[in-house]
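Listed here are the chains, written in short residue letters.
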Protein chains: 4
Amino acid sequence: MKLHGVFAPIPTPFDDANRVDSGRIAAAFARWLTRPITGFVVLGSNGEAVFLSEDESDRVVAAARQAVPSDRPLIVGTGRESTEATIRASKRAAELGADAVLVRTPAFFKSQMTHDAFVRHYTAVADSSRVPVLLYNFTALTGVNLLPATVAQLASHPNIVGMKESGGDVAQISDLVSSTPAGFAVLAGTTSTFYAALCVGAVGGILAPACVVPESCKRLYDLAKAGRHDEALAMQRRLVPIARLLGPTYGVPGLKAALKIAGYDLGIPRPPLAPVPDAAAALLAAALAQLEEIPA
Amino acid sequence: MKLHGVFAPIPTPFDDANRVDSGRIAAAFARWLTRPITGFVVLGSNGEAVFLSEDESDRVVAAARQAVPSDRPLIVGTGRESTEATIRASKRAAELGADAVLVRTPAFFKSQMTHDAFVRHYTAVADSSRVPVLLYNFTALTGVNLLPATVAQLASHPNIVGMKESGGDVAQISDLVSSTPAGFAVLAGTTSTFYAALCVGAVGGILAPACVVPESCKRLYDLAKAGRHDEALAMQRRLVPIARLLGPTYGVPGLKAALKIAGYDLGIPRPPLAPVPDAAAALLAAALAQLEEIPA
Amino acid sequence: MKLHGVFAPIPTPFDDANRVDSGRIAAAFARWLTRPITGFVVLGSNGEAVFLSEDESDRVVAAARQAVPSDRPLIVGTGRESTEATIRASKRAAELGADAVLVRTPAFFKSQMTHDAFVRHYTAVADSSRVPVLLYNFTALTGVNLLPATVAQLASHPNIVGMKESGGDVAQISDLVSSTPAGFAVLAGTTSTFYAALCVGAVGGILAPACVVPESCKRLYDLAKAGRHDEALAMQRRLVPIARLLGPTYGVPGLKAALKIAGYDLGIPRPPLAPVPDAAAALLAAALAQLEEIPA
Amino acid sequence: MKLHGVFAPIPTPFDDANRVDSGRIAAAFARWLTRPITGFVVLGSNGEAVFLSEDESDRVVAAARQAVPSDRPLIVGTGRESTEATIRASKRAAELGADAVLVRTPAFFKSQMTHDAFVRHYTAVADSSRVPVLLYNFTALTGVNLLPATVAQLASHPNIVGMKESGGDVAQISDLVSSTPAGFAVLAGTTSTFYAALCVGAVGGILAPACVVPESCKRLYDLAKAGRHDEALAMQRRLVPIARLLGPTYGVPGLKAALKIAGYDLGIPRPPLAPVPDAAAALLAAALAQLEEIPA
């Protein structure tokens, strides 16, 4: 499975009654498949996975797999707080055609989430999963940190093939790369430090802007890989404004609004999230226009 | 419904295969009901609620309701990330006999959890709930803060009758009391600041140690209410060691281990949590022995 | 020396050229001495001590000592980053008539400020000081925390007689009281949790509002000591608005502006601090008016 | 003045009675001048500047200027909490031969250190300084953050020529570069992210390891500038262990101990700092040996 490149962590389309909308999923993938996107992540943070029931989750995976051809990796987020529930979600995802599962750290009982707890959790999940496992660390949302020493130990498991690190701490990304074997894929989750992450050895990214402006993201990736660092840095800087808007400023509602500007129809987020305020649309449109990627 | 006093947030008993164990629930309540506990909270943080499926949650509520007589309030934790799922869980809890629901803040999408988002969420839940709603703020675990200004607004809803504030910031508790109507019940969630919280107007507590040493907790409450402040403070100090062990040090595994020392049989926590290390048992036993409440 | 009660941490008066103004110091003390203030702290955080040279510091101490009669304790802030400089400043303060010195934790090299470093520092200062030493912990400003275990060890030094704890964590204040001998004076530094601190054993406070509304602060203290807890809590709540304005909102500039409203003439703070914006004066006046203590 | 390259922030040598030792300063510079170090910073954080009196500071500057020839930039740390004291220290440094001054943010009154306060402070310092001014942001030590928007405004001042950013947030460094004019020199202060900082446009670094292993630091810089990114990254990784030991782990005491291993004689740090524990020497020696730069 190809893990080098730029992955799009897609939002989950809902219909007007806020139900999972398989039709909108199919329609959106029809467009995404025409873009330079290496692969797709469903049911990640941007997929509002925490709002879906197990049944709804399965429907999203099934619809995505139907849309995505086998030459594009389909990664499914299956992290749950309990080890057992994570194992079950991972099994169902594999049965529904996932190429890999992306397992966010359990995090509710923060003070108990020690090195040993993470090793037990991920080892049990990886032992039982039919498809490869990607670790997923997102400290800003979870309040726990999957440290390089723990990742180094887990990377020796034959079924743990990489990780998504969503933090912007480039020194930690560098440590993750240097403390894991060459084949272990470290993927960046923060667009505003994507170029720096690539410099220190990340092999790709799972980036919200890749849902909307994949060419810009892919071009940054290609320039960095080609050693054209000045151009890569210039591309990185052009991506920062939209990355900020889709990240800390407007989050998932911002991503859905940006995709609407780009012509996608994914509905609005589930409460307690709310559609972005009216003022946001203009900001998003301006940030996207600068990248000259969205058809008028 | 009586909300003044000391409530026990009970852990969920599992059998040896880590399944919800209704028999152990019944047996544990048989003992708890003999103790000076004002009422009970099931499916709170200490109840490992994040590890249970919706079906399992319902079984816990049903078993608890069967055990707890109607003169003792039974409060059920029903917080979910999505508003809709919280509404559904609250309805089921009410149908199963809950006297009130305790609704932890949604928290996953931290930067979007604004004043407006909390108002929308809790208003929708309270509008649709057949039983009264208690707000629940636990910033150390969730990373979001339900501020006094937001609580003040929500307290005007006729179906929102109080809150649990698990933070140790006594100034915030004081603010919550002074910015809400007289009948709004502010309950403390941190044992080590329980006495100070009572001083500034909290009307009770939902305290993990109340599962194990309820007499000590109730005595602290009674002394403070009686204006016997020196004795209350002395009791508070005697409770700090066990409060620390059951809180930040050992968490839910510590609570289950302490209850085992006290003669309860609740099984062990679900992975990724693990039973406490052997060294913990001696520390817990010593801290409990100081309170002279547990039969030898 | 009397350490029980309410102390005023006075700002340093400057003239219009921003030089230490001994005349304004004398004039201000002439009024403060008519108020129910137990004692005074000069060169504390509110005294802009970090902006003064050693010579200027000495002039402030000399002017204050000339103004303050011997029956009111005069405490001088002498904390410096280096142990040697702290010792020298403490010696000079004692020679100029200080009754005690208040020594803020060194804090610049945060990761090196261990238990051992604090013990070495304070022991050396206390060994060499002719007057008693008060420890001073202000984590919000310094980024380091003088923990109860360290204070417990230092409290056994015969020349370390108490401490000022400026944090609002009432559990920590309770720990400080319970882990030190009965004669060790724990003084609160945060007005908004002053009542709760008194409940858990603090013997007094060093409170910015005591410079402006000392009667209200003293009344809160007296009510709490008399066991009139309901009235104390009501008084506490009336003090919160001015405490917030003089603390996190406007800081030292706010204190100087409030004192100007109250008829004191202390000049403005040194740059990079700036006088409060115009809008602040109205807010301060309104908060003060509620306390009905300032002559119109 | 040349600001591109690798600068050594040297520790201040003390004699056995902990006095500033001009002889040791001269002897140390005699060796440093033989190494590939672009220029020197005295009285920075690593120079224990917060422990020195104004007189001692002047002696260090004078001794350093005597040692350092005019073709190597000598930068002097002159940050003080008050604007006036900073101006005076900067003037004296210029008179004693400093090529530039490095001015750390004032930080004591954290909540008052707004954009406007920083603009006022630095503008006043730069207006009055005879030599160019470098801004200096070190959030981990100061608790305040000099944000890119503030730096962007200050960078238009003709006498503010660059800054040292000691944080490891590479996105912030990238923002600083992109929001300031081409000639404004952004220098990194964290060795473990030095390579990533260079990738996003930093023109050099002021790095503690450059005092001990300057060839390794300079080689990393040269490789990055030459576009030999794979080799630069490999060099970066070899520098991480010593960077960690000289940074968060052992700080200034670690730097003095490492220099002792390398044959320098700088004495020990001032209390409350203490020499490193015995165990540290072996760790430092091992980390240095890996770099094969220190003569046996």
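Refer to the structure presented above.
Residues numbered from 1 in each chain as written. Chains lettered and ligands numbered in written order. Predicted model: local features only at pLDDT ≥ 70, side-chain atom pairs only at ≥ 80, totals over all residues. Heavy atoms only, no water.

1. Here's the deal with the overall build of chain A
Link 1 in the chain: Assigned secondary structure in chain A consists of 12 helices and 8 strands.
Link 2 in the chain: Rg of the C-alpha trace for chain A: 18 Å, near the compact-globule value of 19 Å for 296 residues, within the 12% margin.
Link 3 in the chain: Across its three principal axes, chain A shows a C-alpha extent of roughly 50 × 45 × 35 Å.
Link 4 in the chain: Within chain A, the proportion of its 296 residues that are buried is 64%. (Helix = DSSP H or I, 4+ residues; strand = E, 2+ residues; numbered from the N terminus. Rg over C-alpha atoms; globule rule 2.2 N^0.38 Å. Buried < 20%, exposed > 50% of the residue type's maximum accessible area, 1.4 Å probe, protein only.)

2. Structural notes on the interface of chain B and chain A
Link 1 in the chain: The interface is formed by 30 residues belonging to chain B together with 30 residues belonging to chain A.
Link 2 in the chain: For the chain B and chain A pair, buried surface summed over both sides reaches about 2500 Å², with 67% attributable to carbon and sulfur atoms.
Link 3 in the chain: Remark: the boundary between chain B and chain A carries 0 salt bridges.
Link 4 in the chain: Along the contact surface separating chain B from chain A lie 12 residue pairs in polar contact (both at pLDDT 80 or more). (Contact = heavy atoms within 4.5 Å. Buried area = accessible area lost by both parts, 1.4 Å probe. Salt bridge = Lys/Arg side-chain N within 4 Å of Asp/Glu carboxyl O. Polar contact = N/O pair within 3.5 Å; in protein donor to acceptor, adjacent residues only side chain to side chain.)

3. Details of the pattern of salt bridges
It is possible for side chains bearing opposite charge to pair when their charged atoms get close.
Link 1 in the chain: Counted under the stated rule, the structure contains 64 salt bridges over all chains.
Link 2 in the chain: Between Asp265(B) and Arg24(B) there is a salt bridge whose closest N-O contact spans 3.1 Å. Of this pair, Asp265(B) sits in the loop between α11 (251–261) and α12 (278–289) while Arg24(B) is found in helix α1 (residues 22–32), placing the two residues 241 residues apart along the sequence.
Link 3 in the chain: Classification of Asp265(B) as partly exposed rests on a relative accessible area of 47%.
Link 4 in the chain: Arg24(B) gets classed as buried once you look at its relative accessible area, which sits at 15%.
Link 5 in the chain: Linked through salt bridges whose partners overlap, the residues forming this network are Asp16(A), Asp21(A), Arg24(A) and Asp265(A).

4. Observations regarding the arrangement of the chains
Link 1 in the chain: At the C-alpha level, the nearest point of chain A lies 19 Å from chain C, with no contact between them.
Link 2 in the chain: Nowhere do chain B and chain D come into contact; their C-alpha atoms are at least 19 Å apart.

5. Focus: the sheet that holds strand β1 (residues 5–9) of chain B
Paired through their backbone hydrogen bonds, the strands of a sheet run either parallel or antiparallel.
Residue and element names in this part refer to chain B.
Link 1 in the chain: The 8 strands are arranged β1-β2-β3-β4-β5-β6-β7-β8 in a closed barrel whose pairing can be described as parallel. Taken pair by pair, the neighbouring strands of this sheet meet at an average axis angle of 25°, ignoring direction.
Link 2 in the chain: Relative to strand β2 (residues 39–42), β1 is paired through 3 bridges, and the arrangement is parallel. Counterpart to Ala 8 in the pairing with β2 is Phe 40.
Link 3 in the chain: Where helix α2 (residues 54–67) meets the sheet, its contacts fall on β2 and β3 (74–77), and the angle it forms with β3 comes to roughly 175°.
Link 4 in the chain: Strands β5 (133–137), β6 (160–165) and β7 (185–188) of the sheet are contacted by helix α7 (residues 170–178), whose axis makes an angle of about 175° with β6. (Pairing = 2+ DSSP bridges. Axes fitted to C-alpha atoms, helices over the stretch in contact; angles between N-to-C directions.)

6. Re the nonpolar core
Link 1 in the chain: One finds Phe29(A), Trp32(A), Val212(A), Phe29(D) and Trp32(D) to be the most contacted residues of the largest nonpolar core, which totals 223 residues.
Link 2 in the chain: Residues Phe138(A), Cys199(B), Leu223(B) and Leu266(C) belong to the second largest nonpolar core, which totals 221 residues. (Core = buried A, V, L, I, M, F, W, Y, C linked by side-chain atoms within 4.5 Å.)

7. Some remarks on the relation of the copies chain B and chain A
Link 1 in the chain: Between the two copies, chain B and chain A, the superposition gives an RMSD of 0.0 Å; the rotation angle is 180° and the shift along the axis is 0.0 Å. Look at the turn and shift together and you get a two-fold axis relating the two. In terms of C-alpha distance to the rotation axis, chain B has Gly143(B) as its closest residue, with the C-alpha 3.6 Å off the axis. (Least-squares fit on C-alpha atoms with pLDDT ≥ 70 in both.)

8. Overview of the environment of Leu141(D)
Link 1 in the chain: Here Leu141(D) shows up in helix α5 (residues 139–142).
Link 2 in the chain: Relative accessible area serves as the criterion here: at 15%, Leu141(D) is assigned to the buried category.
Link 3 in the chain: Sequence spacing of Leu141(D) and Gln290(D) is 149 residues, and the spatial spacing of their C-alpha atoms is 29 Å.
Link 4 in the chain: Not counting chain neighbours up to four residues away, the residues in contact with Leu141(D) comprise Phe108(C), Lys110(C) and Ser45(D).

9. Description of the relation of the copies chain B and chain C
Link 1 in the chain: Once chain B has been moved 0.0 Å along the axis and rotated by 180°, it coincides with chain C to within an RMSD of 0.0 Å.
Link 2 in the chain: A shared binding surface is used by both copies, with 100% of the interface residues of chain B retained as interface residues in chain C.

10. Topic: the sheet that holds strand β8 (residues 204–206) of chain D
Residues and elements named next belong to chain D.
Link 1 in the chain: Spatially, β1-β2-β3-β4-β5-β6-β7-β8 is the arrangement adopted by the 8 strands of the closed barrel, whose pairing is parallel. Across this sheet, the average inter-strand angle for adjacent strands is 25°, counted without regard to direction.
Link 2 in the chain: Taken together, the 4 bridges between strand β6 (residues 160–165) and strand β7 (residues 185–188) define a ladder with parallel strand orientation. Bridge assignment links Lys 164 to a residue of β7, and that residue is Leu 187.

11. Focus: helix α9 (residues 214–225) of chain B
Residues and elements named next belong to chain B.
Link 1 in the chain: Between its terminal C-alpha atoms α9 stretches 16 Å, which fits the 16 Å expected from 12 residues at 1.5 Å a residue.
Link 2 in the chain: Residues of α9 that are buried include every one of Pro 214, Ser 216, Cys 217, Leu 220, Tyr 221, Leu 223 and Ala 224, and no others.
Link 3 in the chain: Lining the buried residues of α9 we find β1, α8 (194–199), β8 (204–206) and α10 (229–249).
Link 4 in the chain: Directly beyond the C-terminal end of α9, a positive phi value near 75° is found at Gly 227. (Expected span 1.5 Å × (residues − 1).)

12. Section: the state of the cysteines
Link 1 in the chain: In this structure the tally under the stated criterion is 0 disulfides over all chains.
Link 2 in the chain: With no disulfide of its own, Cys211(A) lies closest to Cys217(A) among cysteine sulfurs, the gap being 8.9 Å. (Disulfide = S-S within 2.5 Å.)

13. Some points on the packing of aromatic side chains
All names here are of chain A.
Link 1 in the chain: Inspection of every chain in the model, using the stated rule, returns 24 aromatic pairs over all chains.
Link 2 in the chain: Plain terms: the ring middles of Phe 108 and Phe 109 are 4.9 Å apart, the flat faces sit at 85° to each other, and that makes the pair edge-to-face. Residue Phe 108 shares its accessibility class with Phe 109, and that shared class is buried.
Link 3 in the chain: Among the aromatic residues, ring-to-ring pairing joins Phe 29, Trp 32, Phe 40 and Tyr 264 into one connected group. (Phe/Tyr/Trp six-rings, centres within 6.5 Å; stacked < 30°, edge-to-face > 60°.)

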